[in-house]
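# Chains, contacts and geometry: an overview
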Amino acid sequence: MERAARDLRFCSYSGDRRTKLQTQIMEVRSAHHNERDEVLDLLSRWYGDRAFFERYNRLDPRFRDELCLVARDGGQLVSTVQIFDRAINLDRQAVPTGGIGSVFTLEEYRHKGVASALMRLAVDTMVREGFEVSLLFAERLTFYNMFGWREVERKFSILAAASSLDVADHFVIDSFEIERDLGEIAAMHRKYSGRFNVTAVRDDSAWRANLKFAGNQPLHPGEGSEEYFVVCRDGSRIAAYARVTRFHGVSMVMEYGYLPGGVEVDAMLATFKYLGQSASGLPVTVRTTGDHRRASLLHSSSKPAEPSVLVTHTAHDPRLEKALGDAGCPVAHHVDNNYMWRVLAPDKLARRFAMAPAAASAHAFEIFADSRSVFWTADRF
Ligand SMILES: CC(C)(COP(=O)(O)OP(=O)(O)OC[C@H]1O[C@@H](n2cnc3c(N)ncnc32)[C@H](O)[C@@H]1OP(=O)(O)O)[C@@H](O)C(=O)NCCC(=O)NCCS
């Protein structure tokens, strides 16, 4: 474990001309355990939502201090970059994946190379800790390009007519209860999501943690980051499920699954129909049982007139897309390239894929960019 503080000599600049105005010595290193609160205080300066970051830092059992990188200037932490410990499916192997998130520098310390130093340390740390690939979600693509991440296109799906899906009416939408339903849902996740590349692998502890921290930052303060988890019953068994949150003001189905098989896709359609009706404020015609108070997440309390479409991923599952279209809800795609990947350990990938390192790295990027791959929003960090 590398605990030694690194010295960072950095210069500030003015205009186009990079002039060494000052040289300082700053610590750039992994956080100490007793700095956890200070890291959250720093992140709360980003957009005033300490609780959002706290859920990941406190509720993820795989969060550890070595993966929380900080820059300290004397008495204060001035920047942080965090590595989230995940595993993803690549060609049916669970590959250790470092997710980069919570990248933040105090405003008065920006443009001095502080986050750059932390990003370089993040790469070294991930290699040392055995991560083989890294994922991040970014708006500043060129910033992350400097450290080796490359943007990859992926498609979001917009379901504008889910409420009018024409589906069988014997399904019942229930609310998820962890102790009653998790075993069945985890098995369905392994069967459904496990078929696709790039999905996160979750054991029981990862599932329980994910249920505590998934969700996302609300667009409007007070809208919460909670999730609404529904299961679709076909008689006594669960035939489909969906997890919904409010993401930047839209209803985001951040993960779903259904049993593979001929008629089971209908259970998925019934689930989307129920969610579409709830989001539109239309009378719900799909049968329900259980506690559905969280269905209010499908509406924006501050902007009730916001569009009530469902956003999710479906491109990985052409059969489902066809079934949606055939039942009256054609899928529209929105292409996004805020999705960035980096290979950290070409040699390890080479052994996994039985290829030369350069070919293995290229193969990994083919998988990341393949429309049949999916990374659920529920696994975001
Ligand atoms: C993004 C962020 C973390 C960058 O932090 P930073 O410490 O200023 O980063 P750096 O100084 O290492 O690099 C920032 C920029 O300065 C440039 N830079 C770095 N060192 C420099 C130097 N010595 N001289 C001139 N420019 C320099 C980099 O090229 C980079 O350019 P860009 O802003 O046009 O992309 C910071 O702006 C921030 O906290 N923003 C709000 C939170 C956020 O958006 N996080 C990222 C989400 S994707």
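Predicted, not measured: the structure shown is a model, and the values here were computed from it.

The next point concerns the overall build of the chain. Across its full length, the chain holds 10 helices and 14 strands. Per-residue burial for the chain yields a buried fraction of 42% across its 381 residues. Look at the contacts in the chain between residues 6 or more apart in sequence, and 71% of them connect residues 24 or more apart.

What follows concerns the pairing of strand β9 (residues 227-234). β9 sits mainly inside the fold: seven of its eight residues count as buried. Inspection of the sheet shows strand β8 (residues 172-175) paired to β9 by four bridges, in the antiparallel sense. From the neighbouring strand, S175 faces β9, where its bridge partner is V230. Bridging between β9 and strand β10 (residues 237-247) involves eight bridges; their strand directions are antiparallel. Considered in β10, the bridge of V231 is made with Y241. The hairpin turn running from β9 into β10, its antiparallel successor, is two residues long, and G235 in that turn takes a positive phi close to 65°.

Excluding glycine, residues mostly have negative phi values, and the peptide bonds linking residues are mostly trans. For V198, which is not glycine, the phi torsion reads 80° and is therefore positive. Assignment of secondary structure puts V198 in the loop between α5 (178-192) and α6 (204-213). When the 27 C-beta atoms within 10 Å are taken as the criterion, V198 is described as buried. The phi dihedral of A354 falls on the positive side, at around 55°, and the residue is not glycine. Here A354 shows up in the loop between α9 (346-353) and α10 (357-369).

Right, let's get into the site of the ligand. Near the ligand you find 20 residues, and of these T105, R110, G113, A115 and S116 are the closest. Of all the secondary-structure elements, those providing two or more residues to the shell around the ligand are β5 (93-105), α3 (114-128) and α4 (141-145). When its residues are assigned to classes, the shell around the ligand shows nine nonpolar, six polar and five charged.

Angle between the axes and distance between the axes: these two values describe a pair of packed helices. It is the contact of helix α7 (residues 264-280) with helix α8 (residues 318-326), at a shortest axis distance of 10 Å, that shows an interaxial angle of 60°. Classed by the angle they form, the pair α7 and α8 counts as oblique. The handedness of the crossing between α7 and α8 comes out as right-handed. Contacts between α7 and α8 involve V265, M268 and L269 from the former and R319, L320, A323 and L324 from the latter. Residue composition of the contact of α7 with α8, grouped by class: six nonpolar, no polar and one charged.

This part takes up the packing of α9 against α10. Relative orientation of the contacting elements α9 and α10 amounts to 80°, with a least axis distance of 8 Å. Relative to α10, the element α9 is oriented roughly perpendicular. For the pair α9 and α10, the contacting residues are P346, D347, L349, A350 and F353 in the first and P357, A358, A360, S361, H363 and A364 in the second. Of the residues in the contact of α9 with α10, the class split is eight nonpolar, two polar and one charged.

Between its first and last C-alpha, α10 extends 19 Å over 13 residues, near the 18 Å set by a 1.5 Å rise per residue. The set of residues buried in α10 consists of A360, S361, A364, I367 and F368. The arc enclosing the buried residues of α10, seen along the axis, measures out at 120°, which places them on a common side. Opposite the packed face of α10, turned more than 90 degrees from it, sit the exposed residues A358 and E366. Among the structural elements, β4 (76-90), β6 (133-137), β7 (150-159), β14 (331-343) and α9 are those in contact with the buried residues of α10.

Counting residues in hydrophobic clusters, the biggest one holds 102 residues, and the most contacted among them are L118, C232, Y241 and L275. Taken domain by domain, the makeup of this core includes at least three residues from each of domain 1 (6-152 + 336-379) and domain 2 (157-335). Sequence-distant contacts of L118, that is, excluding residues within four places in its chain, are made with V28, L69, A71, S79 and V81.

Mapped onto the secondary structure, E153 falls in strand β7. A tally of 12 C-beta atoms within 10 Å means that E153 is categorised as exposed. Counting along the chain gives 186 residues from E153 to Y339, while the straight-line C-alpha distance between them is 6.9 Å. The contact partners of E153, leaving out residues within four places of it in the chain, are V335, N337 and A369.

For the rest of this paragraph, the subject is the environment of R287. Within the secondary structure layout, R287 lies in strand β12 (residues 287-288). Sequence-wise, R287 and V172 are 115 residues apart; in three dimensions their C-alpha atoms are separated by 4.9 Å. Setting aside chain neighbours within four positions, we find R287 in contact with V172 and I173.

When you tally the buried positions in strand β11 (residues 250-258), you get eight out of nine residues, the bulk of the element. Sheet analysis places β10 next to β11, joined by eight bridges and oriented antiparallel. For T245, the partnering residue across the bridge sits in β11 and is M252. Linking β10 to β11, which pair antiparallel, is a turn of two residues; within it H248 sits at a positive phi near 50°. With two bridges connecting them, β11 and strand β13 (residues 310-312) associate as parallel partners. Note that in β13 the partner of M252 across the bridge is V311.

Rules used throughout
Residues numbered from 1 in each chain as written. Predicted model: local features only at pLDDT ≥ 70, side-chain atom pairs only at ≥ 80, totals over all residues. Helix = DSSP H or I, 4+ residues; strand = E, 2+ residues; numbered from the N terminus. Buried ≥ 20, exposed ≤ 12 C-beta atoms within 10 Å, placed from the backbone. Contact = placed C-beta atoms within 7 Å. Pairing = 2+ DSSP bridges. Near = placed C-beta within 6 Å. Nonpolar A, V, L, I, M, F, W, Y, C, P; charged D, E, K, R; others polar. Axes fitted to C-alpha atoms, helices over the stretch in contact; angles between N-to-C directions. Parallel < 35°, antiparallel > 145°, perpendicular 65-115°, else oblique. Left-handed = near helix turned anticlockwise from the far one by under 90°. Expected span 1.5 Å × (residues − 1). Arc of directions from axis to C-beta. Core = buried A, V, L, I, M, F, W, Y, C linked by C-beta atoms within 7 Å. Domains from an automatic or database assignment.

This is a description of form; function is not addressed.
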